[in-house]
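Architecture at a glance
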Amino acid sequence: VFYCLDLLEGIEHPEFTELVKDVLLHENQQIRLNTLQRIARLEILPLTQPVLERINNEADPHVRGQALMTYADLGPDDVIGRLVPFLDDEQRDLRKGALVGILSFSPKQNEALDYLLALVRSANVDDRIIAADVMGETESDAFSGFLVELLDDQDATVVQHAVNAAGLI
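So, here's what we can say about the structure.

Rules of the game
- Residues numbered from 1 in each chain as written.
- Predicted model: local features only at pLDDT ≥ 70, side-chain atom pairs only at ≥ 80, totals over all residues.
- Heavy atoms only, no water.
- Salt bridge = Lys/Arg side-chain N within 4 Å of Asp/Glu carboxyl O.
- Buried < 20%, exposed > 50% of the residue type's maximum accessible area, 1.4 Å probe, protein only.
- Helix = DSSP H or I, 4+ residues; strand = E, 2+ residues; numbered from the N terminus.
- Axes fitted to C-alpha atoms, helices over the stretch in contact; angles between N-to-C directions.
- Parallel < 35°, antiparallel > 145°, perpendicular 65-115°, else oblique.
- Left-handed = near helix turned anticlockwise from the far one by under 90°.
- Contact = heavy atoms within 4.5 Å.
- Patch = residues over 30% accessible without salt bridge, like charges linked within 9 Å, V, L, I, M, F, W, Y side chains within 5 Å.
- Areas by Shrake-Rupley, 256 points an atom, 1.4 Å probe, with all protein chains shown as cover.
- Core = buried A, V, L, I, M, F, W, Y, C linked by side-chain atoms within 4.5 Å.
- Expected span 1.5 Å × (residues − 1).

This part is about the pattern of salt bridges. Counted under the stated rule, the structure contains 10 salt bridges. R54 is the salt-bridge partner of E58, the closest N and O atoms lying 2.6 Å from each other. A single burial state applies to E58 and to R54, both of which are buried. Measuring nitrogen to oxygen at the nearest pair gives 2.9 Å for the salt bridge that ties E137 to K96. Placement of E137 in helix α9 (residues 125–138) and of K96 in helix α7 (residues 92–105) is noted, with a sequence separation of 41 residues between them. For E137, a relative accessible area of 35% puts it in the partly exposed group. Residue class for K96 comes out buried when judged on its relative accessible area of 15%. Residues joined in a network through salt bridges with shared partners are D6, E9, R38 and R41.

Moving on to the packing of helix α4 (residues 48–57) against helix α5 (residues 61–74). Where α4 meets α5, the axes come as close as 8 Å, and the angle between the chain directions of the two elements is 150°. As far as their axial angle goes, α5 and α4 are roughly antiparallel. For α4 against α5, the interelement crossing comes out left-handed. Taking contact as the criterion, the partners of T48, V51, L52, R54 and I55 in α4 are, on α5, R64, A67, L68, T70, Y71 and L74.

Inspection of the secondary structure assignment puts P46 in the loop between α3 (29–42) and α4. Placed 25 residues apart in sequence, P46 and K21 show a C-alpha to C-alpha distance of 9.4 Å.

Looking now at a nonpolar patch on the surface. A cluster of nonpolar side chains, Y3, L7 and I11, forms an exposed patch at the surface whose accessible area comes to about 360 Å². The class of Y3 is exposed, set by a relative accessible area of 62%.

On to the nonpolar core, then. Soluble globular proteins tend to pack their nonpolar side chains together in the buried interior. In terms of nonpolar packing, the biggest core is built from 52 residues, with I39, L83, L99, L103, L116, M135 and L150 touching the most fellow members. For this core, the element with the most residues is α5, which contributes 7 residues. Aside from chain neighbours lying at most four places away, what touches M135 is L116, V120, S140, F143, F146, L147, L150, A165 and I169.

Between its first and last C-alpha, α7 extends 20 Å over 14 residues, near the 20 Å set by a 1.5 Å rise per residue. Counting buried positions along α7 yields 10 of 14 residues, so the element is predominantly enclosed. When we look at burial in α7, the residues that qualify are L94, R95, K96, G97, A98, L99, V100, G101, I102 and L103. Along its buried surface, α7 packs onto α5, α6 (79–83), α8 (110–120) and α9.

As structure tokens, then:
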């Protein structure tokens, strides 16, 4: 499937968008994940609605988190309103996907910045790791002050994730 998508993308097949839309429904989690990443990378705006449908219907939290990021990358007007509710979701991948999406779309969005700062200063190691990973995935130096705090963390795993994020930024 990946080879075929790469080939169709390379030759700029006229039905590429429709074919990618069909692949979004594939039974394999990795294929759906890759397809969402491809849609974001290529900015295939006509697939905004099918990506929204993935957000609403996807069972796998990792794929659903990617769908949130992809939706934000496509940039419809309702990104913030659609993604903010996921900041409080119990699923880690959904919280992370929403936060990456919001901060990529609007790096100065106050609610997302407050949420990121709360993660950075959380007593929970997993929260601080998520914060570092989010900053790395946004690849924006806008959060470098937060990253400095994580580079000074007492937990070696948090520092490692912060170092990785710094490398991506």
